[in-house]
Amino acid sequence: MDESRGLRCGFSHFWSNLRPRLDPTESLPAPQKMDPPENLPASEDISRWGWNPQNPDWAKGLRERWIPGEKAAHKALDDFLDRKLINYATDRDRLDSLSFSTLSPYLHAGEITSKHIVRQTLLKLYSHPELQAGGEKFLSEIGWREFSRHLLIHFPQMIHTPFQNKFSRFPWKNNPVLIAAWKSGKTGYPVIDAIMRQLWETGFISNRARMITASFLSKDLLVDWKEGAGWFWNTLVDWDQANNTVSWQWVSGMGVDAAPYFRIYNPVLQGEKFDPNGLYVRHWVPEIRNLPDHLIHRPWEAPEDLLRKSGITLGENYPFPIVDHQKSRQEALFLFHALGKNKSEDGSLA
Ligand SMILES: Cc1cc2nc3c(=O)[nH]c(=O)nc-3n(C[C@H](O)[C@H](O)[C@H](O)COP(=O)(O)OP(=O)(O)OC[C@H]3O[C@@H](n4cnc5c(N)ncnc54)[C@H](O)[C@@H]3O)c2cc1C
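Residues numbered from 1 in each chain as written. Predicted model: local features only at pLDDT ≥ 70, side-chain atom pairs only at ≥ 80, totals over all residues. Heavy atoms only, no water.

**Here's the deal with the confidence of the model for the protein chain**
Residues of the protein chain with pLDDT of at least 70 account for 93%, and the chain-wide mean is 92. In the predicted structure, residues 1-6 sits below a pLDDT of 50 and forms 18 contacts with residues beyond four places in sequence or in another chain. This model gives residues 342-350 a pLDDT under 50, and the stretch forms 19 contacts once residues within four places in sequence are excluded. (pLDDT = per-residue confidence, 0-100. Contact = heavy atoms within 4.5 Å.)

So this is what it looks like as structure tokens:
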């Protein structure tokens, strides 16, 4: 993507320009009345589209988890600002607690606007200066949303092509068995399995969860990021072309503001850091719930008798890890380095 050459297009430049311009002015009032068109087009009967799955009813978890609509969107914002903003900066990455806003599905569906969210957050900060750290972090995340939109408007090719040109030649492996294990939460890495099962059941996972599992797919399994982006499209209730594309490229190290490609998340250490007592994993991967905390993210290290007592037979009721993280990390680094050496060939930015 040669247009990108020389552009100062990183998020920090974007945000340092945008942040001082944020102000709490009110949005325009909603129109009192909207005239319908004179002739309404013939309508489909939406119930005939078969969007209410029965057998199996895979949408049950979605119905139980989400209340759509503007009222629920504004309630989610108020709850977040009143109760969670205080710890947002420190706790938003925890997998075992809901320390973020869950506003993304409402934003995506247009049931609340980022302008309104910014206004309410700024007003909260004026009256509660103790919320400054959480407030600034939260505003910057809204900034990432706007940044992703700007990127996609200026570089629409990003949907299909890495922002950094050289990575279009990356030799993905795309092993269908590994892809199926990732999608169904059967990789043998408890934190990855918990994340993928939560995604399927509820249509939502936190930002940290998205980063861990996207890194695992693209860097441990060497599967093309577009495959993962496509699965998120199928499963997320907040699926959004701009946020999804830009974030997948960021995690796989091919985008703007790239997490350097050598930063490869270790699924065990990420689990231990952000789910230290294994609460999240035990909820979503109940077959290993009896393991003690220090082994819950690494069941293959448990002694045979402990596995037996915990009701686990690896390879039968819970898989062995489908890849060895240390080995796949080395392979990914080797492949990324090989492309890095050729950088002068195509003149791309990185
Ligand atoms: C691989 C990957 C795929 C993603 N796909 C999507 C997607 O399809 N749809 C989507 O809305 N977000 C996506 N995100 C961004 C982010 O993970 C979600 O917006 C966030 O987790 C939604 O939860 P929340 O509303 O509680 O976020 P909060 O932490 O409460 O943040 C508030 C809002 O800020 C915005 N935001 C937060 N983090 C980001 C980010 N990293 N990039 C852009 N905007 C952000 C969202 O609009 C979010 O609703 C993706 C991130 C990754 C790493």
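From this point, the narrative continues.
**Regarding the pattern of salt bridges**
Tallied over the full model, the rule gives 21 salt bridges. In this structure, Asp82 and Lys124 form a salt bridge, with 2.7 Å as the shortest nitrogen-oxygen distance. With Asp82 in helix 3 (residues 70-91) and Lys124 in helix 5 (residues 114-127), this pair connects stretches of sequence that are 42 residues apart. We note a salt bridge from Arg298 to Glu272, for which the minimum N-O separation is 2.9 Å. Placement of Arg298 in the loop between helix 13 (279-284) and helix 14 (304-309) and of Glu272 in helix 12 (residues 267-274) is noted, with a sequence separation of 26 residues between them. Connected through salt bridges with shared partners, the residues Arg92, Lys137 and Glu141 form a single ionic network. (Salt bridge = Lys/Arg side-chain N within 4 Å of Asp/Glu carboxyl O. Helix = DSSP H or I, 4+ residues; strand = E, 2+ residues; numbered from the N terminus.)

**Focus on the site of the ligand**
Among the 29 residues in the neighbourhood of the ligand, the closest are listed as Tyr88, Ser101, Thr102, Asn207 and Asp238. Glu141 is positioned such that a nitrogen or oxygen atom in its side chain is 3.1 Å from a nitrogen atom of the ligand. The protein chains hide 96% of the 820 Å² of surface that the ligand would expose on its own. Within the residue set of the shell around the ligand, elements represented by two or more residues are helix 4 (104-108), helix 6 (132-154), helix 9 (207-220) and helix 11 (241-251). At six residues, the largest contribution of residues to the shell around the ligand is made by helix 6. Of the residues that constitute the shell around the ligand, the class distribution is 15 nonpolar, nine polar and five charged. (Near = heavy atom within 4 Å. Polar contact = N/O pair within 3.5 Å; in protein donor to acceptor, adjacent residues only side chain to side chain. Areas by Shrake-Rupley, 256 points an atom, 1.4 Å probe, with all protein chains shown as cover. Nonpolar A, V, L, I, M, F, W, Y, C, P; charged D, E, K, R; others polar.)

**Here's the deal with the packing of aromatic side chains**
The full count for this structure, using the stated rule, is 24 aromatic pairs. Their ring planes at 15 degrees and their centres at 6.3 Å tell us that Trp182 and Phe232 sit as a pair that is stacked. With Trp182 in helix 7 (residues 176-184) and Phe232 in helix 10 (residues 225-235), this residue pair connects regions lying 50 residues apart in the sequence. Here Trp182 matches Phe232 in class, with each residue buried. Taken together, a centroid distance of 6.3 Å and an interplanar angle of 70 degrees make the contact between Trp182 and Trp248 edge-to-face. (Phe/Tyr/Trp six-rings, centres within 6.5 Å; stacked < 30°, edge-to-face > 60°. Buried < 20%, exposed > 50% of the residue type's maximum accessible area, 1.4 Å probe, protein only.)

**Structural notes on the packing of helix 8 (residues 190-202) against helix 9**
When two helices pack together, their arrangement is given by the angle between the helix axes and by the axis-to-axis distance. Between helix 8 and helix 9, whose axes approach to 10 Å, the crossing angle comes to 115 degrees. Judged on the interaxial angle alone, helix 9 and helix 8 are roughly perpendicular. You can see that helix 8 and helix 9 cross each other, and the crossing is left-handed. For the pair helix 8 and helix 9, the contacting residues are Val191, Ile192, Ile195 and Met196 in the first and Ala209, Ile212, Thr213 and Phe216 in the second. Classifying every residue of the contact of helix 8 with helix 9 gives seven nonpolar, one polar and no charged. (Axes fitted to C-alpha atoms, helices over the stretch in contact; angles between N-to-C directions. Parallel < 35°, antiparallel > 145°, perpendicular 65-115°, else oblique. Left-handed = near helix turned anticlockwise from the far one by under 90°.)

**As for the side chain of His297**
Mapped onto the fold, His297 is located in the loop between helix 13 and helix 14. At 3.0 Å, the side chain of His297 forms a polar contact with the backbone oxygen of Asp275. Not counting residues within four places of it along the chain, the set of residues in contact with His297 comprises Pro190, Val191, Val268, Gly271, Glu272, Asp275, Gly278 and Val281.

**Some details on the nonpolar core**
Ranked by size, the top nonpolar core spans 58 residues in total, and within it Phe170, Trp182, Ile192, Ile195, Leu221, Trp248 and Ile288 carry the most contacts. For this core, the secondary structure elements donating two or more residues are helix 7, helix 8, helix 9, helix 10, helix 11, helix 12, helix 13 and helix 15 (325-341). Contact partners of Ile288, with chain neighbours within four places excluded, come to Pro190, Val281, Ile296, Pro299, Ile312 and Tyr318. Leu125, Leu139, Met158 and Val246 belong to the second-largest nonpolar core, a separate cluster that totals 36 residues. (Core = buried A, V, L, I, M, F, W, Y, C linked by side-chain atoms within 4.5 Å.)

**Topic: helix 10**
Looking at helix 10, one finds that the buried residues are Trp225, Gly228, Ala229, Trp231, Phe232 and Thr235. Buried residues along helix 10 cover an arc of 160 degrees about the axis, so they all sit on one side. Counted as exposed and oriented over 90 degrees from the buried face of helix 10: Trp233 and Asn234. Close packing links the buried residues of helix 10 with helix 7, helix 8, helix 9 and helix 11. (Arc of directions from axis to C-beta.)

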